Amino acid sequence: MGAQLRVYKRRIRSVTATKKITKAMEMIAASRVVKAQRKVAASTPYATELTRAVTAVATGSNTKHPLTTEAENPTRAAVLLLTSDRGLAGAFNSNAIKAAERLTAKLEAEGKEVVSYIVGRRGVAHYNFRERKIAESFTGFTDDPSYADAKKVAAPLIEAIETETDEGGVDELHIVYTEFVSMMTQTAIEARLLPLSLDEVAEAETSAAEAAGKPGKGEILPLFDFEPSAEDVLDALLPRYVESRIYNALLQSAASKHAATRRAMKSATDNAGELIETLTRLANQARQAEITQEISEIVGGASALADATAGSDR
């Protein structure tokens, strides 16, 4: 029985050490998610205003440009998947990967060849394990991305969208990332960055305007003159638009990852606490049984000694 008690105590010490680690990771993730939320809030207005500028140029001119003009028969599409470099975040990475696989299957069903770009070691490992081709991969910055990281990710995508498909370019650019909704909710979504869907932008603009109490549909839009030309303006806006959208998605993904890690570590800490209580109860039962056995042995020995003494007196 003493051996069983030692096993319980050893397991209690091990689980207690694990609980301390998961509690520390929970607190670290909680502090990081607050910083990530602030960055998301700071980057969103810039991305929104830049999208409005692109929309103004696109609606105010008849210029054909990769930013706004859809190919008649698109044959190749780029899919940018955002995952994390580290795990311990519940279903964060698996949900994003599943969303990317659904999008890939949809595009392939439409007869398009999919070119994959991956951010994060988890996504890269998933694709490498299944021997899937990756055009470009980016790692090492998913926990705290900067605008320079977004530019690095956007560079090959911009080059691909500006290149003819016969020469290895793409007709469409899609992105799959995890949107931060709240501390408890993070949703893996996919969006088409290029060509820009003017209907979706107009709908989003109307919703935002109505939420702010401003005129929505039916609002009179200003007329623009472009210098040197609308095409030159779109050429200048294209990299900024892609970079800002990718940067915002990277920040959304980082905030979602930290929130998922915090939730996973809290669950692990709670489970460790419950396991410690169970093991403590079992250890107490084992100790009680050991004490009961020792008392029984003492009583039995005393009784045997008394019987032996009584027999010798006769």
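The structure reproduced in this document is the subject of the present report. (Residues numbered from 1 in each chain as written. Predicted model: local features only at pLDDT ≥ 70, side-chain atom pairs only at ≥ 80, totals over all residues. Heavy atoms only, no water.)

Overall, the coordinates contain 1 cavity of 30 Å³ or more when judged by the stated rule. What the largest cavity holds in volume is close to 60 Å³. Along its surface, the largest cavity is lined by Leu82, Thr83, Ser84, Phe92, Val119, Phe141, Thr142, Pro145, Leu250, Ser253, Ala254 and Lys257. For the lining of the largest cavity, the per-class residue count stands at 7 nonpolar, 4 polar and 1 charged. (1 Å grid on protein atoms, 1.4 Å probe; cavity = no way out; pocket = protein on both sides within 12 Å on 5 of 7 lines; lining within 4 Å. Points joined across faces, edges and corners; volume = space filled by probe spheres on them. Nonpolar A, V, L, I, M, F, W, Y, C, P; charged D, E, K, R; others polar.)

What follows deals with helix 4 (residues 147-162). Taking 1.5 Å of rise per residue, 16 residues should cover 22 Å, and helix 4 covers 22 Å from first to last C-alpha, within 8% of that figure. Of all the bends in helix 4, the largest measures some 30° and sits at Ala154, one to four residues before the proline Pro156. For helix 4, every residue scored as buried is listed here: Asp149, Ala150, Val153, Ala154, Pro156, Leu157, Ile158, Ala160 and Ile161. (Helix = DSSP H or I, 4+ residues; strand = E, 2+ residues; numbered from the N terminus. Expected span 1.5 Å × (residues − 1). Bend = angle between axes of the 7 residues up to and from the residue. Buried < 20%, exposed > 50% of the residue type's maximum accessible area, 1.4 Å probe, protein only.)

The next point concerns unusual backbone geometry. Note the cis peptide between Leu194 and Pro195, where omega equals -10°. Relative to the helices and strands, Pro195 resides in the loop between strand 5 (186-194) and helix 5 (198-211). Phi angles above zero are rare outside glycine, and Leu88 is one such case at about 55°. Mapped onto the fold, Leu88 is located in the loop between strand 1 (76-82) and helix 2 (92-109). Judged by its relative accessible area of 55%, Leu88 is exposed. In this structure, Glu131 is a non-glycine residue whose phi angle is positive, near 55°. Residue placement: Glu131 occurs in the loop between helix 3 (121-129) and strand 3 (136-138).

It is worth spelling out the packing of aromatic side chains at this point. Enumeration over the complete set of coordinates arrives at 1 aromatic pair. For the ring pair Tyr147 and Tyr247, a centre distance of 5.3 Å and an interplane angle of 75° mean the geometry is edge-to-face. On the criterion of sequence distance, the pair formed by Tyr147 in helix 4 and Tyr247 in helix 6 (residues 230-313) is long-range, its members being 100 residues apart. (Phe/Tyr/Trp six-rings, centres within 6.5 Å; stacked < 30°, edge-to-face > 60°.)

Turning our eyes to something else, we now look at a negative patch on the surface. Together, Glu136, Glu159, Glu162, Glu231, Asp232 and Asp235 line one region of the surface with negative charge. Put simply, the parts of the chain that give the negative patch at least two residues each are helix 4 and helix 6. Of all the elements, helix 6 adds the most residues to the negative patch, at 3 residues. (Patch = residues over 30% accessible without salt bridge, like charges linked within 9 Å, V, L, I, M, F, W, Y side chains within 5 Å. Areas by Shrake-Rupley, 256 points an atom, 1.4 Å probe, with all protein chains shown as cover. Salt bridge = Lys/Arg side-chain N within 4 Å of Asp/Glu carboxyl O. Lys, Arg positive; Asp, Glu negative; His and termini not counted. Charge placed at Lys NZ, Arg CZ, Asp CG, Glu CD.)

Next up on the list: the nonpolar core. Soluble globular proteins tend to bury their nonpolar side chains together. By size, the foremost hydrophobic cluster in this structure holds 42 residues, and its most contacted members are Leu80, Val242 and Ile246. Sort the elements by how many residues they give to this core and helix 6 lands first, with 13 residues. In contact with Leu80, not counting residues within four places along its chain, are Tyr117, Val119, Val153, Leu157, His174, Ile175, Val176 and Ile246. (Core = buried A, V, L, I, M, F, W, Y, C linked by side-chain atoms within 4.5 Å. Contact = heavy atoms within 4.5 Å.)

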